[in-house]
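Examination of the molecular architecture
This is what each chain is made of:
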Amino acid sequence: SYINHQEIITALTSTDGNQLARQLTKLFAMADEDPFAQLRSATCSQELSSIATNWPRTVAGYDELVITDSESSLSYRMVFESNNQVMLNAYQKMRGYIPAYVQDIDNSVFSFGLGIDVNQMVPSLQAIWDEMLTPQYQCAPLQEMQVQMSQQSPAMLGMMTGMANGVKGVGLSVIDYKISEDVDAPEIESLDAVVTLSADNPAMLFNMVKPFAPELADIQLPTDGSAVVLNDVLPMPPEMNITAKMAVKGNHLVLFFGDKGEAVADKLTSEAVANNGLLAMSVDYMKMFAPLLTFIELTGEPVPEEFKSMKDYDMRVKVALDVDDKGIIIDSSVNSRATK
């Protein structure tokens, strides 16, 4: 499937340039009001058409569609095509690192990863900013947009990102959790989770942050990858039986909970940092909602209607955002298993 941006612009900036334009013209005549009258000038038509030439289409389609008696899997990709190599190059330079565990939809409750090469972020955003401000638009709505953009500057971010030098990305994953069956005092009984900061020198970044967080002042992270317990810094109620640990694993500063979190942290030791994406997230609906529904049932409270359908919803979803020399890409994957 596809959406033709150029034809849409023709429809909005003309009265009879294509069938949609003619239909809109008749519709607006019936309503005695044309909301796009400002765009129906030769100047706006030319300038908006120029933008649409750089971003001609949104195209989408299946990469995989497999349906069996036991499960179904679907991979779907959408690409915002672009001919603007200046902007595409800038976006590609910003790509950072997304850990492998974020992309594992079978062994976690929820995962999220943001890949940003902080060293490239400000110059890339500045290149995008300059590209959008370079044409001297005469079309009023485009002029207004440029005026608003000119009042801001990505260079201001340089002051904020200076301390994050070398950062390539962050990630987190709730691998598993359990809520206690004590209906009078419900608590998280167990938690397996991991949070990571990937960088050229994560230990140096941790030491830079310590002066701003006095509770971290006495923590010395071993260089051999072994972990230190943070329960004194992140106090956990003893009844929760949760231990927070931190370690430097290769190029990753890792905060983790539970044996499963530790297993993921150990794998990161040999996981090289590479610029492999911009954003990714995944969720397992059954693992997320089953403990909550069980607890609600134990309390005797009625289960909300919006939750009932989730009880046997054995489905995993992953969405990723990336960019290449063709355009901006959104990848989606869905796996659904038959109810047992």
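As a reminder, the structure under discussion sits directly above these lines.
With respect to the packing of aromatic side chains
- Evaluated as defined, the whole model comprises four aromatic pairs.
- On the numbers, 6.4 Å between centres and 10 degrees between planes, the contact of Tyr 285 with Phe 289 is stacked. In this pair, Tyr 285 and Phe 289 both sit in helix α10 (residues 285-299), four residues apart, roughly one turn of the helix.
- Judged by relative accessible area, which is 22%, Tyr 285 ranks as partly exposed.

Observations regarding helix α2 (residues 19-31)
- Here α2 contains 13 residues, and its C-alpha end-to-end distance of 19 Å stays within 8% of the 18 Å for a straight helix at 1.5 Å per residue.
- Residues of α2 that are buried sit in contact with α1 (5-13).
- N-cap assignment for α2: the residue whose side-chain oxygen lies 3.3 Å from the backbone N of Leu 20 is Asn 18.
- Backbone geometry just after α2 places Asp 32 at a positive phi near 60 degrees.

Digging into the pairing of strand β9 (residues 252-257)
- The element β9 is extensively covered by neighbouring structure, given that six of its six residues are classed as buried.
- The pairing of strand β6 (residues 188-199) with β9 spans six bridges and is antiparallel. Of the residues in β9, the one forming a bridge with Leu 197 is Leu 253.
- Between strand β8 (residues 244-249) and β9, which pair antiparallel in sequence order, lie two residues; one of them, Gly 250, sits at a positive phi of approximately 65 degrees.

As for a nonpolar patch on the surface
- On the surface, Met 163, Met 204, Met 208, Val 209 and Phe 212 cluster together into a nonpolar patch covering about 460 Å² of accessible area.
- Relative to the helices and strands, Met 204 is located in helix α8 (residues 202-209).

Comments concerning α10
- Its 15 residues place the ends of α10 22 Å apart at the C-alpha level, agreeing with the 21 Å of an ideal helix rising 1.5 Å per residue.
- Along α10, the residues that are buried comprise Phe 289, Pro 291, Leu 293, Phe 295 and Ile 296.
- The N-capping residue of α10, defined by a side-chain oxygen 3.2 Å from the backbone nitrogen of Met 286, is Asp 284.
- Of the residues flanking the end of α10, it is Gly 300, one or two places downstream, whose phi is positive at about 85 degrees.

Describing the environment of Leu 142
- Summarising the element assignment, Leu 142 is placed in helix α6 (residues 140-150).
- Exposure remark for Leu 142: the relative accessible area of 8% places this residue in the buried category.
- A sequence separation of 95 residues divides Leu 142 from Glu 47, and the C-alpha atoms of the two residues are 8.6 Å apart.
- If we skip the residues at most four places from it in the chain, Leu 142 touches Glu 47, Leu 48, Ile 51 and Tyr 137.

Remarks on the side chain of Arg 40
- Checked against the element boundaries, Arg 40 lands in the loop between α2 and α3 (42-54).
- Judged by its relative accessible area of 19%, Arg 40 falls in the buried class.
- Here Asp 34 takes part through its side chain, which lies 2.8 Å from a polar atom of the side chain of Arg 40.
- When residues no more than four places from it in sequence are discounted, the contact partners of Arg 40 are Ala 11, Leu 12, Thr 13, Ser 14, Thr 15, Phe 28 and Asp 34.

Notes on the pairing of strand β2 (residues 57-67)
- With three bridges connecting them, strand β1 (residues 2-4) and β2 associate as antiparallel partners. The partner of Ile 3 across the bridge, within β2, is Thr 58.
- Looking at chain direction, β2 and strand β3 (residues 71-81) are connected through nine bridges and run antiparallel. When the sheet's bridge partners are listed, Val 59 is paired in β3 with Val 79.

A short note on the packing of helix α4 (residues 85-94) against helix α5 (residues 118-133)
- At a minimum axis distance of 8 Å, the contact between α4 and α5 shows a crossing angle of 165 degrees. With respect to each other, α4 and α5 are oriented roughly antiparallel. Crossing hand, α4 versus α5: left-handed. Residues Val 86, Met 87, Ala 90, Tyr 91, Lys 93 and Met 94 of α4 form the contact with α5, whose own contacting residues are Gln 120, Met 121, Ser 124, Leu 125, Ala 127, Ile 128, Glu 131 and Met 132.
- Residue composition of the contact of α4 with α5, by class: 10 nonpolar, two polar and two charged.

A word on the state of the cysteines
- Across all of its chains, the model carries one disulfide by this definition.
- One disulfide bridge connects Cys 44 with Cys 139, the sulfur atoms lying 2.0 Å from each other. Taking the torsion about the sulfur-sulfur bond, which here is approximately 95 degrees, the covalent link between Cys 44 and Cys 139 counts as right-handed. Note that Cys 44 is positioned in helix α3 and Cys 139 in the loop between α5 and α6, a separation of 95 residues in sequence. In terms of burial, Cys 44 and Cys 139 fall into one category: buried.

Scoring rules and cut-offs
Residues numbered from 1 in each chain as written. Predicted model: local features only at pLDDT ≥ 70, side-chain atom pairs only at ≥ 80, totals over all residues. Heavy atoms only, no water. Phe/Tyr/Trp six-rings, centres within 6.5 Å; stacked < 30°, edge-to-face > 60°. Helix = DSSP H or I, 4+ residues; strand = E, 2+ residues; numbered from the N terminus. Buried < 20%, exposed > 50% of the residue type's maximum accessible area, 1.4 Å probe, protein only. Expected span 1.5 Å × (residues − 1). Contact = heavy atoms within 4.5 Å. Polar contact = N/O pair within 3.5 Å; in protein donor to acceptor, adjacent residues only side chain to side chain. Pairing = 2+ DSSP bridges. Patch = residues over 30% accessible without salt bridge, like charges linked within 9 Å, V, L, I, M, F, W, Y side chains within 5 Å. Areas by Shrake-Rupley, 256 points an atom, 1.4 Å probe, with all protein chains shown as cover. Salt bridge = Lys/Arg side-chain N within 4 Å of Asp/Glu carboxyl O. Axes fitted to C-alpha atoms, helices over the stretch in contact; angles between N-to-C directions. Parallel < 35°, antiparallel > 145°, perpendicular 65-115°, else oblique. Left-handed = near helix turned anticlockwise from the far one by under 90°. Nonpolar A, V, L, I, M, F, W, Y, C, P; charged D, E, K, R; others polar. Disulfide = S-S within 2.5 Å.

Coordinates in, geometry out; function isn't part of it.
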